Amino acid sequence: MADPIPLSVTVNGRTRRGVAEPRLTLADYLREQAQCTGVHLGCEHGVCGSCTVLMDGEAVRSCLLFAVQADGAHITTVEGLAPDQDTLHPVQEAFRDCHGLQCGFCTPGFVVSVAAFLEANPDPSDAEIRHGLAGNLCRCTGYQGIVAATKQAAATLREERT
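Read on for an overview of the structure.

The rules behind each value
Here, residues in each chain are numbered from 1, in the same order as that chain's written sequence. Given that this is a predicted model, residues contribute local features only at a pLDDT of at least 70 and side-chain atom pairs are listed and counted only at 80 or more, while totals for whole chains, interfaces and linings are drawn from all residues. In computing side-chain values, all of the structure's heavy atoms are included and hydrogens and water are not. To define axes, lines are fitted to C-alpha atoms, for helices over the stretch in contact only, and angles between the resulting N-to-C directions are given on a 0 to 180 degree scale. Numbering of helices and strands starts at the N terminus; helices are DSSP runs of H or I of at least 4 residues and strands are runs of E of at least 2. Oblique is the label for every angle not falling under 35 degrees (roughly parallel), over 145 degrees (roughly antiparallel), or within 65 to 115 degrees (roughly perpendicular). Crossing handedness follows the turn of the near helix against the far one: under a right angle anticlockwise gives a left-handed crossing, and clockwise gives a right-handed one. Residues count as neighbours in contact if any of their non-hydrogen atoms are within 4.5 Å of one another. Ten residues, namely Ala, Val, Leu, Ile, Met, Phe, Trp, Tyr, Cys and Pro, are considered nonpolar, four, namely Asp, Glu, Lys and Arg, are considered charged, and the remaining ones, Gly among them, are considered polar. In this scheme, a residue with accessible area under 20% of its type's maximum is buried, one over 50% is exposed, and one in between is partly exposed, where area comes from a 1.4 Å probe on protein chains only. In plain words, nonpolar cores are sets of buried Ala, Val, Leu, Ile, Met, Phe, Trp, Tyr and Cys residues tied together by side-chain atoms within 4.5 Å.

Time to look at the packing of helix 3 (residues 107-120) against helix 5 (residues 144-161). Interaxial distance between helix 3 and helix 5 falls to 10 Å at its minimum, and their mutual angle equals 45 degrees. Taken together, the axes of helix 3 and helix 5 lie oblique to each other. The handedness of the crossing between helix 3 and helix 5 comes out as right-handed. Each of F110, V114, F117, L118 and E119 in helix 3 lies in contact with helix 5, whose residues at this interface are I146, T150, A153, A154, L157 and R161. A breakdown of the residues in the contact of helix 3 with helix 5 according to their chemical character gives 8 nonpolar, 1 polar and 2 charged.

Structural data, given as structure tokens:
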């Protein structure tokens, strides 16, 4: 077994220093060492999107990265999107309001993906939303609530920017 590698990563605004086994995935690091249990592992092949987090502002599949690849990076999980513990992020509010979740397993990955998508495309059409979220899978909702939530979050974020 290889020796642990030093690691310094900022997770949800908090810098964490330690070591990680070279083959430890970022998803497992976030869940087990950073206690970010909103990072869900579905397929562990990068297909379902349940493990999506932001790494330096870009949506990534944490199951496909090793923790050591995040050395020096800023990671945001679903737990870190909101400005504080008493306030939801507009995407989280929209998912609640528009019933964009049922069992909730895929929801953290969708929320993070939608937040990143809306940063890049603040006024998307329905077709753009569906295309932008094609990398996230949900087996419960039929996607109607997720699309509606994305539209509501887009409108809220546009209002906040003006």
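This next bit is on the environment of D86. With respect to the helices and strands, the residue D86 is situated in the loop between strand 5 (74-76) and helix 2 (90-97). Judged by relative accessible area, which is 77%, D86 ranks as exposed. Residues D86 and S50, spaced 36 residues apart in sequence, show a C-alpha to C-alpha distance of 24 Å.

All right, on to unusual backbone geometry then. In the Ramachandran plot, N12 falls in the positive-phi region, its phi being about 50 degrees despite a non-glycine side chain. Inspection of the secondary structure puts N12 in the loop between strand 1 (5-11) and strand 2 (14-20). Judged by relative accessible area, N12 falls into the partly exposed class, the value being 28%. The backbone phi angle of E44 is positive, close to 60 degrees, even though this residue is not glycine.

This part is about the nonpolar core. Soluble globular proteins tend to bury their nonpolar side chains together. Counting residues in hydrophobic clusters, the biggest one holds 25 residues, and the most contacted among them are V91, F95, F110 and L118. Those elements that provide at least two residues to this core are helix 2, helix 3 and helix 5. Ranked by residue count, the leading element in this core is helix 3, at 8 residues. Not counting the four nearest positions on each side in its chain, F95 is found in contact with G100, L101, T107, F110, V111, V114, I146 and A149. Counting 22 residues, the second-largest nonpolar core is a separate cluster that includes V11, L26, V53 and C63.

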